[in-house]
Amino acid sequence: MLSEISIKNFAIIESLEVTFEDGLTVLTGETGAGKSIIIDAVQLLSGGRGSSGFIRHGAKKAELQGQFIIENPEHPVLAKLIEFGIEIEDGIVILRRDLNVNGKSVCRVNGKLVTIALLREISSQIIDIHGQHENQELMHESRHIHLLDQFAGKKLVDAFTSYSELYTKYRKLKRKLETADENEQQIAQRIDLYSFQLKEINAASLEIGEEVGLDEEKRKLQNFGRLYERLNTAYESISGDSRALDWVGMAMSDMEDAADVDIELKTQYESIATSFYSLQDASYEIRKQLDTLEFDPDRLEIVEGRIAQLITLKRKYGQTVEDILIYRDRISDNLEELMNRDQRLFADQEKMNHLLKDLEIEAEELSIIRKDASSTLEAAIMEQLSQLHMNNASFKVFIEQKSGNGFDANGNDNVAFHISTNIGEPLKPLVKIASGGEISRLMLALKTIFSKHQGITSIIFDEVDTGVSGRVAQAIAEKIAMVAFHSQVLCISHLPQVAAMADHHYLIKKEVKDKRTRTEIHDVVDSDRTVELSRMLSGAETTPLTLKHAEELLSLAVERKKSFI
């Protein structure tokens, strides 16, 4: 549930902090006092569209923050938060959004920066804001299937998962077959291109890592004279007459003789002996290198040509020889697929036929579940409409299969809500017949039903009772109170009947201080509730009669709420 909201420098609100409880909380006040501004703030916290126009005049930014407490450890929003690496402690979720005068918006969830899209995704699982414009959801027939599926619950979710897996494979294969319908000229061109490229790459007989060896060989060939001179000088320095090897040999002989006299000199003798033999080995190796060195100008030309060939191939097909070989394997597969196109098309078409049969089975399962759920939903809606004084209304869910292979992400069904609001009138599509007041009551009926099945922790009604009175107003008040038995409900209302049903009541007032207009909120309790209801009843000054009527409304509300238990 929404436990607390903090609003700073938002519209005419300078600073406001409100604590909310379980049950039904009603916000009342004069028109223009700022009741809907609070809902606007919650909408922005839920990822709604914001702009610098919301910022209080003279302020640099608006700051909005809401704290939600998730008591159900299995609530899906907790898994979503963990998925995105957002830490949760004691089931507390804090949404924050700052609007800056430059138009930029900063969003955070439990202190972690998130995108507006992610903020919207998270908030959609814990809060549902329902205003008059939300009734338009019922006026879009494409949304009816989602409402029915939502009502069908877990049984449909399980079937829908199986269907979605198949549908994903179907879409992928369908795109592949559509791509295969390229014209023959394009296919012939691709075959020629791949054949030429494969021939060029294969003719090069590439080996991974050979460019390193070629570069080393080229450097040696280009510096042959310098290499020969340095090796020869080194050999002469070691093995020439009266050079290093002779002197080290004499030193070794002298130390050997000295070690016979003084055993402690044996270590120095062994060190010199090791150096002598190492120099001797090095001399042999240098001599061998000198004997094998032979300058071959033709070989240099061959090496440089091979390096140039590799550079050309890398420019065309990849940054390294390994990349070129990977590219070769890929176009080889593509060429084989093109050369065997007819056989592959036939195999893919056979696979598509099997997929369509499986999709048809899974889609039929969805249809069966929907039809079963639609009967239950129809009965539930009719019961709710009757309680909302639409006794003459008839409601039906029409489910029709699409023609041909009309599979989409939702299956193969078209779902439409039909209604008749008067006796003797035929059922017609809801989008063509229902009035605004009827749509509001129908949506309230749906909310009453769905609140038992949804994981939504907070539902907000923003003046959904506008334009009703009398027994319909009382019925709407009772429906909203019933929804509050399953979810926390915040309701902005001008109806005294709704305010009387509240478990908690706040009065929103617009006040002028220091020549600036501010919105203030006051907790309405005890006798103040009677006075506020009296004001709502009279629309002007309170009288003993309106006060008495207010007391009766409060007493009636207490009795009616007892019947919900």
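Whatever comes next refers back to the structure up there.
Conventions used here
- Residues numbered from 1 in each chain as written.
- Predicted model: local features only at pLDDT ≥ 70, side-chain atom pairs only at ≥ 80, totals over all residues.
- Heavy atoms only, no water.
- Helix = DSSP H or I, 4+ residues; strand = E, 2+ residues; numbered from the N terminus.
- Rg over C-alpha atoms; globule rule 2.2 N^0.38 Å.
- Buried < 20%, exposed > 50% of the residue type's maximum accessible area, 1.4 Å probe, protein only.
- Areas by Shrake-Rupley, 256 points an atom, 1.4 Å probe, with all protein chains shown as cover.
- Pairing = 2+ DSSP bridges.
- Contact = heavy atoms within 4.5 Å.
- Axes fitted to C-alpha atoms, helices over the stretch in contact; angles between N-to-C directions.
- Phe/Tyr/Trp six-rings, centres within 6.5 Å; stacked < 30°, edge-to-face > 60°.
- Lys NZ or Arg CZ within 6 Å of the ring centre and 35° of its normal.
- Salt bridge = Lys/Arg side-chain N within 4 Å of Asp/Glu carboxyl O.

Novice: Got a minute to help me understand the overall build of the chain in this structure?
Specialist: Helix and strand counts for the chain stand at 19 helices and 15 strands. For the chain, the C-alpha radius of gyration of 42 Å lies well beyond 24 Å, the compact-globule estimate for 565 residues. Taking the principal axes of its C-alpha atoms as reference, the chain extends roughly 135 × 70 × 50 Å. Expressed as a percentage of its 565 residues, the buried residues of the chain come to 43%. Within the structure as shown, the chain displays about 31,000 Å² of accessible surface, and the carbon and sulfur contribution to it stands at 50%.

Novice: Can you walk me through the sheet that holds strand S11 (residues 428–429) in this structure?
Specialist: One key point about sheets: their strands pair by backbone hydrogen bonds, in either a parallel or an antiparallel sense. In space, the 3 strands of this open sheet follow the order S9-S10-S11, with antiparallel pairing throughout. At either end of the open sheet lies a strand with only one pairing partner, and these are strand S9 (394–401) and S11. In the sheet, S9 pairs with strand S10 (residues 413–420) via 8 bridges, with the strands oriented antiparallel. Paired with phenylalanine 398 across the strands is alanine 416, a residue of S10. Contacts from helix H4 (residues 144–152) reach S9 and S10 within the one sheet, and its direction differs from that of S10 by about 90°. Set on the sheet, helix H13 (residues 341–387) makes contact with S9 and S10; between it and S9 the angle comes to about 170°.

Novice: Please clarify how the packing of aromatic side chains should be interpreted in this entry.
Specialist: Two aromatic rings, taken as a pair, are described by how far apart their centres are and by the angle between their planes. Applying the stated criterion across every chain, the model contains 9 aromatic pairs. The interplanar angle of 10° and the centroid separation of 5.2 Å between the aromatic rings of phenylalanine 10 and phenylalanine 54 together place this pair among those described as stacked. Residue phenylalanine 10 is located in strand S1 (residues 2–10), and its partner phenylalanine 54 is located in the loop between helix H1 (35–45) and strand S4 (61–69); the two are separated by 44 residues in the primary sequence. Of the residues examined, phenylalanine 54 reaches a relative accessible area of 24% and is grouped as partly exposed. Aromatic side chains phenylalanine 20 and tyrosine 506 sit 6.1 Å apart centroid to centroid with 85° between the ring planes, which places their arrangement in the edge-to-face category. Placement of the pair is phenylalanine 20 in the loop between strand S2 (13–19) and strand S3 (24–28) and tyrosine 506 in strand S14 (residues 504–513), with a sequence separation of 486 residues. Judged by its relative accessible area of 13%, tyrosine 506 is buried. The structure contains a cluster of three or more aromatic residues connected by ring pairs, namely Phe160, Tyr163, Tyr167, Tyr170 and Phe407. Positioned over the ring face of tyrosine 235 is arginine 287, at 5.0 Å from the centre of the ring. Sitting over the face of the ring of phenylalanine 398, lysine 396 holds its NZ or CZ atom 5.9 Å from the ring centroid.

Novice: Looking at this structure, how should I read the pattern of salt bridges?
Specialist: Close approach of charged atoms lets side chains of opposite charge pair. Counting across every chain of the model gives 23 salt bridges. Residues lysine 176 and aspartate 348 are paired through a salt bridge, measuring 3.4 Å at the closest nitrogen-oxygen approach. Residue lysine 176 is located in helix H5 (residues 154–179), and its partner aspartate 348 is located in helix H13; the two are separated by 172 residues in the primary sequence. Residue arginine 306 is joined to glutamate 210 by a salt bridge in which the shortest nitrogen-to-oxygen separation is 2.8 Å. Note that arginine 306 is positioned in helix H11 (residues 297–317) and glutamate 210 in helix H7 (residues 210–222), a separation of 96 residues in sequence. One network of salt bridges, in which partners are shared, links Lys61, Glu63, Arg96 and Asp98.

Novice: Help me understand the sheet that holds strand S6 (residues 105–109), please; the structure alone is not making it clear to me.
Specialist: Reading across from one edge, S2-S1-S4-S5-S6-S7 is the order of the 6 strands in this open sheet, with antiparallel pairing throughout. At either end of the open sheet lies a strand with only one pairing partner, and these are S2 and strand S7 (112–114). Across the sheet, the mean angle from the axis of one strand to that of its neighbour is 15°, orientation sign disregarded. Sheet topology places S4 next to strand S5 (residues 92–100); 9 bridges connect them, and they run antiparallel. In the sheet register, glutamine 65 faces S5, and the bridge partner there is arginine 96.

Novice: Hey, could you run me through the pairing of S10 in this one?
Specialist: One face of the sheet, then the other: side chains in a regular strand alternate in exactly this way. For S10, a buried count of 7 out of 8 residues is recorded, marking the element as mostly surrounded by other parts of the structure. Looking at chain direction, S10 and S11 are connected through 2 bridges and run antiparallel. By the bridge assignment for S11, histidine 418 is matched with proline 429.

Novice: How should H1 be read in this particular structure?
Specialist: An α-helical turn contains 3.6 residues, so a residue and the one three or four places further along point in the same direction. Along H1, 8 of the 11 residues are buried, which leaves the element largely enclosed by surrounding structure. What H1 keeps buried is the set Lys35, Ile37, Ile38, Ile39, Ala41, Val42, Leu44 and Leu45. Glycine 47 lies just past H1 and shows a positive phi near 95°.

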